[in-house]
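Listed below are the residues making up each chain.
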Amino acid sequence: MTHLPADPETETGLAPSAHRPSRWRAAWDSDIAYSFRHSPVAMVAAFVTALLILSAIFAPLIAPTNPFDPSSLNLMNGFSQPMEPNAFTGDTFLMGTDDQGRDVFSTILYGMRISLFVGAMAVLLAMVLGITLGLIAGYFRGWTDTIIMRIADVQLTFPSILVAMLIFGIARGIIPIQYRDEMAIWVLILAIGLSDWVQFARVVRGATMVERGKEYVQAAQLIGRSPLSIMVGHILPNVLSPVLVIATISLALAIIAEATLSFLGVGAPPTQPSLGTLIRIGQDFLFSGEWWILFFPACTLLALALSVNLLGDWLRDALNPKLN
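Note that this is a predicted model, so its numbers are computed, not measured.

Concerning the overall build of the protein
And step 1. Scanning the protein from N- to C-terminus turns up 15 helices and 0 strands.
And step 2. Sorting the 324 residues of the protein into buried and exposed places 39% on the buried side.
And step 3. A separation of at least 24 residues holds for 69% of the contacts in the protein among residues at least 6 apart in sequence.
And step 4. Summing over all exposed atoms, the protein offers an accessible surface of approximately 18,200 Å²; the carbon and sulfur share of this is 67%.

With respect to the packing of aromatic side chains
And step 1. Across all of its chains, the model carries 8 aromatic pairs by this definition.
And step 2. Note on tyrosine 139 and phenylalanine 140: the rings are 5.2 Å apart at their centroids and 85 degrees apart in plane angle, and the pair reads as edge-to-face.
And step 3. On the basis of relative accessibility, which here comes to 45%, the residue phenylalanine 140 falls in the partly exposed class.
And step 4. For the pair tryptophan 291 and tryptophan 292, a centre-to-centre distance of 5.8 Å together with 85 degrees between the ring planes defines the contact as edge-to-face.
And step 5. A network of ring pairs unites the aromatic residues Trp291, Trp292, Phe295 and Phe296 as a single cluster.
And step 6. Sitting over the face of the ring of tyrosine 139, arginine 212 holds its NZ or CZ atom 5.0 Å from the ring centroid.

Considering helix H7 (residues 142-156)
And step 1. If you check H7, its first and last C-alpha atoms are 21 Å apart, about what 15 residues at 1.5 Å a residue would give, namely 21 Å.
And step 2. Against the buried residues of H7 lie helix H6 (104-140), helix H8 (160-174), helix H9 (180-195) and helix H10 (197-212).

Looking at a nonpolar patch on the surface
And step 1. Side chains of Ile53, Leu54, Ile57, Phe58, Leu61 and Ile62 sit close together on the surface and give an oily, nonpolar patch of about 560 Å² of accessible area.
And step 2. Of all elements in the fold, only helix H4 (40-57) and helix H5 (59-62) reach the threshold of two or more residues within the nonpolar patch.
And step 3. Among the elements that line the nonpolar patch, the one with the most residues is H4, at 3 residues.
And step 4. Relative to the elements of secondary structure, isoleucine 57 occurs in helix H4.
And step 5. Accessibility expressed as a relative area gives 47% for isoleucine 57, which makes it partly exposed.

Some details on the pattern of salt bridges
Pairing is possible between side chains that carry opposite charge, provided their charged atoms lie close to one another.
And step 1. Inspection of every chain in the model, using the stated rule, returns 5 salt bridges.
And step 2. The partner of arginine 205 in a salt bridge is aspartate 145, and the shortest N-O contact between them spans 2.6 Å. Of the two residues, arginine 205 sits in helix H10 while aspartate 145 sits in helix H7, which places them 60 residues apart along the sequence.
And step 3. We note a salt bridge from arginine 150 to aspartate 153, for which the minimum N-O separation is 2.8 Å. Of the two residues, arginine 150 and aspartate 153 are both situated in helix H7; the distance of 3 residues between them amounts to about one turn of the helix.

What to know about the side chain of threonine 107
And step 1. Structurally, threonine 107 is set in helix H6.
And step 2. A polar contact of 2.6 Å, which involves the side chain of threonine 107, links it to the backbone oxygen of valine 104.
And step 3. Setting aside residues up to four positions removed in sequence, threonine 107 forms contacts with Pro67, Arg102 and Leu278.

Parameters at a glance
Residues numbered from 1 in each chain as written. Predicted model: local features only at pLDDT ≥ 70, side-chain atom pairs only at ≥ 80, totals over all residues. Heavy atoms only, no water. Helix = DSSP H or I, 4+ residues; strand = E, 2+ residues; numbered from the N terminus. Buried < 20%, exposed > 50% of the residue type's maximum accessible area, 1.4 Å probe, protein only. Contact = heavy atoms within 4.5 Å. Areas by Shrake-Rupley, 256 points an atom, 1.4 Å probe, with all protein chains shown as cover. Phe/Tyr/Trp six-rings, centres within 6.5 Å; stacked < 30°, edge-to-face > 60°. Lys NZ or Arg CZ within 6 Å of the ring centre and 35° of its normal. Expected span 1.5 Å × (residues − 1). Patch = residues over 30% accessible without salt bridge, like charges linked within 9 Å, V, L, I, M, F, W, Y side chains within 5 Å. Salt bridge = Lys/Arg side-chain N within 4 Å of Asp/Glu carboxyl O. Polar contact = N/O pair within 3.5 Å; in protein donor to acceptor, adjacent residues only side chain to side chain.

The quantities given are spatial measurements derived from coordinates; they are silent on function.
Structure, rendered in structure tokens:
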């Protein structure tokens, strides 16, 4: 009589799952987690990014005052220097105040919410549009690919900030005057999103053309799966790695683009100032000695954009070990 080898798990009386690491343990032991734990730059960048994002989310709880509530402002507090009592009221502010008596620290927290919201929504719009057009161009090829890629090539000949300004101006011209301030943030998202879709489309198109020739796609075609089902269910999950890297880096670029447009006066309205608007306001008082009105918002923008960009660089290296 033939005896099968005993299962060590059965002999010990433990269930098969008892020897398997948990999901959290598996994630902690993964290559990406190992790379993150051994990259001081990535850890510092992640900490700074998380700190700034959480500060913006919980701004109403952290900010000493609501800088955009007229009832909480005191003009006598105007131009208060950082950490020095005001000569008239005796109030002390961590980062000083602007010409209207608004706490600079509070304006930064609230302005960062606008910058992060615009940047994240613009990247999401660019990602959805670019992935869709890239999948279509790479899967169907032929004249469809030619038209989409020629449009992308034409858009690449212009700086993205100029494209965003053009789209912003056209959209503002279409919207009635009474709704322009209310729709300014959404118009800004549309302008930045439509100016940044090309890089997503080009990367996804190249990856789709590679995946389209593989056996699992051909098998799906043979059993009658629709092109939409193949693109979404089979190809898309295999082309997301480079998209995540581009999205992370694009977030930093979108935040800078929003700040640039707002600095030029064609972005966020004065009633909803972002970091770029605060920098533009601070520039008017830089040479008169009130340096803190410009300095602290500019440092916040620099820290936010730099930390997100460093995270994107680390993610690119972690997902593509061959680059190291």
